[in-house]
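Remarks on the overall topology
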Amino acid sequence: MKKALSILLSAALGISAMSASVYAESNVSAQSSSAPLVLFGDSITEGYGLSSSEYNYGEICADYLGWESVNYAVSGDRTADLYTLLTEDAAAAQSAANAEVIVISIGGNDVMCGFMKYVLEYAAGKDLLVEGKTAADIPEYPTASDLEVLLDQTKLETYLTTNMSEASAFASGLKKALVGTSSDPTGCVQTEAVPTTIQIIEKLTALNPDADIILQTVYQPIQFSQEYWNSKFGTGAAYENMAFATNLIRNIFVQTMDTYSEELYALVDSHGIKIADVYAEFTSVEKQSKTEQGYAYYFTNLQTSGDSRDIHPNQKGHLAIAAAVIEQIGELHDTYSTDLIRTLYDNLEDKAEYPTLALETYNLVIGSDIPIATTTTTSTTTTTSTTTVTTTTTTSTTTTTSTTTTTAATTTSTTASTSTTTATSSTSTSASTSTTTTTTTDVTTTTTAVTTTTTSATTTISPYYDFELTYDNNHLTVYPGETAELPLYNEGEGKFTSWKSGEVPEGVSVQLINVDDGLNYTLEITADYSAQPGNYSLNLRFYNRYKSQEIAVTLEILVPETTTTTTTTTASETTTTTTTTTDVQDPDIPGALPLGDVNNDGAVNALDASEVLTAYASNATGNGLGLTDEQAEAADVNKDGKVDALDASDILGYYAYIATGGTGSIEEFMKKED
């Protein structure tokens, strides 16, 4: 566990490299202020980490379009810095005013700044800063340099890896600092990054209302290949430790970037911008999980930069970003092998491993996969054949002329009269009137070539990722312990890449299942036994690169009726009241939940251990377990009447046992352990 959490914490701290400690001044004064393509951003747009022979995505886009471009990106900039640039730098404002397309990649440093501030404040509260440093030394907006100077990373890692409940509390606090909670969304994403991004968009729109503004989503960087993890941890119990550590750190960044992307997609409707979904391109999976994290490792230097864990895009990453941006610009055309975008891809040594979703976008913009809906072809074919027959003794000349018009298959004709054929292949022979004495016949044939004229009309299908979801009925009724399903039908040409549910009542879970490769979906809404009866409105929002769609669902949660019978006996002055209430617990499952399955997902695994540790940490700080009675009973796997780290350890031990070929229930496993 210590090794696993240490490397994950190191990776999490390493993402502060996005706030590159080497700041670059904007170097655009000598460039044209009338370039049609203008880029603003941070170290990603600047091309931090690329070699002198490599190209950032702005250069790839400019080459593809044949446009001049100007790049105002500055490593380390937050959204506030970009807004200041637009309001105080006249050259930057003028370039934006003259642009046809404005591309923005910003916000990653806002997240990193929130991350670093939380880590430093947490460390200050636990006396884990370097000797002589206190909370008073923490700046309002810490940089990577501040983290290096103030934090004693060894102390922090030791503290967290030797205290499992503190590790869980650390993770919970980090999530709140970045995106808050559903009832209190006051993380740095909602309070700083998104509001300032809106100000940037409104400023650019005021400067240039005719320009297309393309905003990039921020990718989730902590995605490792399975081979990499196996090389670090192997399998079995070590793998489970890794999975547990991953859920403490990586899932926070999944939730953060999911929320961030949803907030940015909402600006498509409200502010008329376009989204280049770099997050979706780098992840390239529909839904991240423990075993299918995504492909950020392929597009960054995360696994190849040693202990620095640099998550900046490599050349493959800039290629993928360029394709996503070009797709949104929409000036698509077939490219040549000499074009930069093709050359960079062709030179990749591991192009066979290029993730599927990103490869689809790349193929689209280079022209190898542009879909064609309808093709109409008109063909006209004319064939002329002349045959001359000559005899030796008595000379007689027969001239045969055949004119054939073909609108179907090939026709072969030898005639002494005129014939017209419109069908499949046929042979026709007839004689003309002649006086002939024949000894020897020589035949000379002259045939003119076939001339074909073809005219084609092509119609292109609707946008590559257009979609339209419909459903039969938006009213769902569910009883506790049961699941209601809402089928969704995608009537568009593509698929959506993400979705967001509205406020969900306590005890209710909402899950979207892809039934048929982007065409049909099922929305599953499950109420557990803690769900309160009533009617609820869920507003579900779906997103892709081109559009968003919202649907409203009315959810009704019912419980069996309670009946009360009252009997009054007047003679004896005795009143008896009997109340009969239908039990809403599942009678077939003691305590409603199987032992160890705290999150009620049908499996006992590291996620349940994480739930137990979170509850233990909450209880230890005086806030209660935060579990229902049924969850608490399921969590107490050692049956000692407490929910604590020992239960989490037993759950992890059982999951590791199953993962290495063991069989049997957790009850049987616990008996063996005893």
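Every residue gets a number counted from 1 within its own chain, in the order that chain's sequence is written. In view of the model being predicted, local features appear only for residues whose pLDDT reaches at least 70, and side-chain atom pairs are presented and counted only at 80 or more, with totals across whole chains, interfaces and linings using the full set of residues. Side-chain measures here rest on the full set of heavy atoms in the structure, leaving out hydrogens and waters.

1. Notes on the overall build of the chain
To be explicit about the condition: Going along the chain from the N terminus, every DSSP run of H or I of four or more residues is numbered as a helix, and every run of E of two or more is numbered as a strand. Remark: exposure states derive from per-residue accessible area (1.4 Å probe, protein chains only) relative to the maximum for the residue type, with buried under 20%, exposed over 50%, and partly exposed in between. Throughout, a contact is declared for two residues whenever any of their heavy atoms are within 4.5 Å. Surface accessibility follows the Shrake-Rupley procedure with a 1.4 Å probe radius. Residue values consider only the protein chains on display as shielding.
Along the backbone of the chain there are 21 helices and 19 strands. Residues classed as buried in the chain amount to 45% of the 674 residues present. When contacts within the chain are restricted to residue pairs at least 6 apart in sequence, those whose partners lie at least 24 apart make up 70%. By element, 47% of the accessible surface of the chain is carried by carbon and sulfur atoms, the whole surface being about 31500 Å².

2. Examining the packing of aromatic side chains
Two aromatic rings are characterised by how far apart their centres lie and by the angle between their planes. Note the following rule: The aromatic pairing rule takes the rings of Phe, Tyr and Trp, using the six-membered ring of Trp, and pairs them if the centres are within 6.5 Å, calling planes under 30 degrees apart stacked, those over 60 edge-to-face and the rest tilted. Here, a charge over a ring is recorded when the distance from Lys NZ or Arg CZ to the ring centre is within 6 Å and its angle to the ring normal is within 35 degrees.
Applying the stated criterion across every chain, the model contains 16 aromatic pairs. Centroid distance Tyr298 to Phe299: 5.2 Å. Interplanar angle 90°. Geometry classified as edge-to-face. Linked through ring pairs, Tyr219, Phe282, Tyr298, Phe299, Tyr345, Tyr354 and Tyr362 together constitute an aromatic cluster. In this structure, Arg78 packs its charged tip against the face of Tyr141, placed 3.9 Å from the ring centre. Cation over ring: Lys316 sits above Tyr298, and NZ or CZ is 3.9 Å from the ring centre.

3. Topic: the pattern of salt bridges
We count it as follows: Take a side-chain nitrogen of Lys or Arg and a carboxyl oxygen of Asp or Glu: if they are within 4 Å of each other, that pair is a salt bridge.
Per the stated rule, a full pass over the model turns up two salt bridges. Across the pair Lys274 and Asp212 runs a salt bridge, and its minimum N-O distance is 3.7 Å. Separated by 62 residues along the polypeptide, Lys274 in strand β5 (residues 274-276) and Asp212 in strand β4 (residues 212-216) bring together distant segments of the chain. In this structure Asp212 comes out as partly exposed when scored by relative accessible area, which is 31%.

4. Examining the side chain of Thr79
Inspection of the secondary structure puts Thr79 in helix α4 (residues 79-88). Overall, the relative accessible area of 0% leaves Thr79 in the buried class. Beyond its immediate chain neighbours, meaning those up to four positions away, Thr79 contacts Ile106, Gly107, Asp110, Glu192, Ala193, Thr196, Thr197 and Ile200.

5. What about the sheet that holds β5?
Test applied: Strands qualify as paired when DSSP identifies two bridges or more between them. Inter-axis angles, ranging from 0 to 180 degrees, are taken between N-to-C directions of lines fitted to C-alpha atoms, where helices are fitted over the stretch in contact.
One open sheet accounts for five strands, arranged β2-β1-β3-β4-β5; its pairing is parallel. Looking at the sheet topology across the chains shown, the edges are occupied by β2 (69-71) and β5. Mean inter-strand twist for the sheet, computed between neighbouring axes without regard to direction, equals 20°. Strand direction decides the pairing type here: strand β1 (residues 37-41) and β2, joined by three bridges, are parallel. Each bridged residue has a counterpart across the sheet, and for Val38 the counterpart in β2 is Val70.

6. A look at the confidence of the model for the chain
Close inspection of predicted coordinates is inappropriate in any region flagged by low pLDDT. Rules: In predicted models, pLDDT denotes the confidence assigned by the predictor to each residue on a 0 to 100 scale.
Across the chain, the average pLDDT comes to 75, with 68% of residues at or above 70. Of all the helices and strands in the chain, strand β6 (residues 372-391) carries the lowest mean pLDDT, 34, while strand β3 (residues 101-105) carries the highest, 98. The low-confidence segment residues 560-591 (pLDDT under 50) makes 30 contacts with residues lying over four places distant or belonging to another chain.

7. Here's the deal with the packing of helix α3 (residues 57-65) against helix α15 (residues 315-329)
Stated precisely, the cut-off is as follows: Between 65 and 115 degrees an angle is taken as roughly perpendicular, under 35 as roughly parallel, over 145 as roughly antiparallel, and anywhere else as oblique. It is the rotation of the near helix from the far one that decides the hand of a crossing: anticlockwise by less than a right angle makes it left-handed, clockwise makes it right-handed.
Viewed as axis vectors pointing N to C, α3 and α15 meet at an angle of 45°, and their least axial separation amounts to 8 Å. The pairing of α3 with α15 is recorded here as oblique in orientation. Here α3 runs over α15; the crossing is right-handed. Between α3, through Tyr57, Ile60, Cys61, Tyr64 and Leu65, and α15, the contact on the second element is made entirely by Gln315, His318, Leu319, Ile321, Ala322, Val325, Ile326 and Ile329.

8. Examining the pairing of β1
Here β1 lies mainly inside the structure; five of its five residues are buried. Bridge count between β1 and β3: five bridges; the pairing is parallel. Bridged to Leu37 within β3 is Val101.

9. Some points on the nonpolar core
To be explicit about the condition: To qualify as a nonpolar core, a set must consist of buried Ala, Val, Leu, Ile, Met, Phe, Trp, Tyr and Cys residues joined through side-chain atoms within 4.5 Å.
Ranked by size, the top nonpolar core spans 104 residues in total, and within it Phe40, Ile104, Leu204, Tyr260, Ile341 and Tyr354 carry the most contacts. Per element, the largest residue contribution to this core is ten residues, and it comes from helix α12 (residues 237-271). Here Tyr354 is in contact with Tyr298, Phe299, Lys316, Leu319, Ala320, Tyr345, Leu348 and Leu359, once residues within four sequence places are set aside.

10. Examining the state of the cysteines
Defined as follows: Disulfides are defined as pairs of cysteine sulfur atoms found within 2.5 Å of each other.
With the rule as written, the count across this model stands at zero disulfides. The thiol of Cys188 is not disulfide-bonded; the next cysteine sulfur, from Cys113, is found 7.6 Å away. A relative accessible area of 8% means that Cys188 is categorised as buried.

11. Here's the deal with α3
Because the α-helix completes a turn every 3.6 residues, residues three or four places apart line up on one side. The cut-off we apply is this: Identification of polar contacts relies on pairs of N or O atoms within 3.5 Å, with a donor-acceptor requirement for protein atoms, meaning one able to donate a hydrogen and the other able to accept it, and with residues adjacent in sequence counted only if both atoms are side-chain atoms.
A large share of α3 lies buried, amounting to seven of its nine residues. Considered for burial, the residues of α3 that qualify are Tyr57, Gly58, Ile60, Cys61, Ala62, Tyr64 and Leu65. A side-chain oxygen of the first residue of α3 lies 3.0 Å from the backbone nitrogen of Gly58; this N-cap is Asn56. One or two steps after α3, the chain reaches Gly66, where phi turns positive at roughly 70°.

12. Observations regarding the packing of α15 against helix α17 (residues 356-366)
Describing two packed helices takes the angle between their axes plus the distance from one axis to the other. As a reminder, the rule being used: For this classification, the nonpolar set comprises Ala, Val, Leu, Ile, Met, Phe, Trp, Tyr, Cys and Pro, the charged set comprises Asp, Glu, Lys and Arg, and every other residue, Gly included, is treated as polar.
Close contact between α15 and α17 brings their axes to 9 Å; oriented N to C, the two are set at 60°. Classified by the angle their axes make, α15 and α17 are oblique. Crossing geometry of α15 relative to α17 is assigned as left-handed. In this structure, α15 uses Leu319, Ala323, Ala324, Ile326 and Glu327 to contact α17, whose residues at the interface are Thr361, Tyr362, Leu364 and Val365. Counted by class, the contact of α15 with α17 contains seven nonpolar, one polar and one charged residues.

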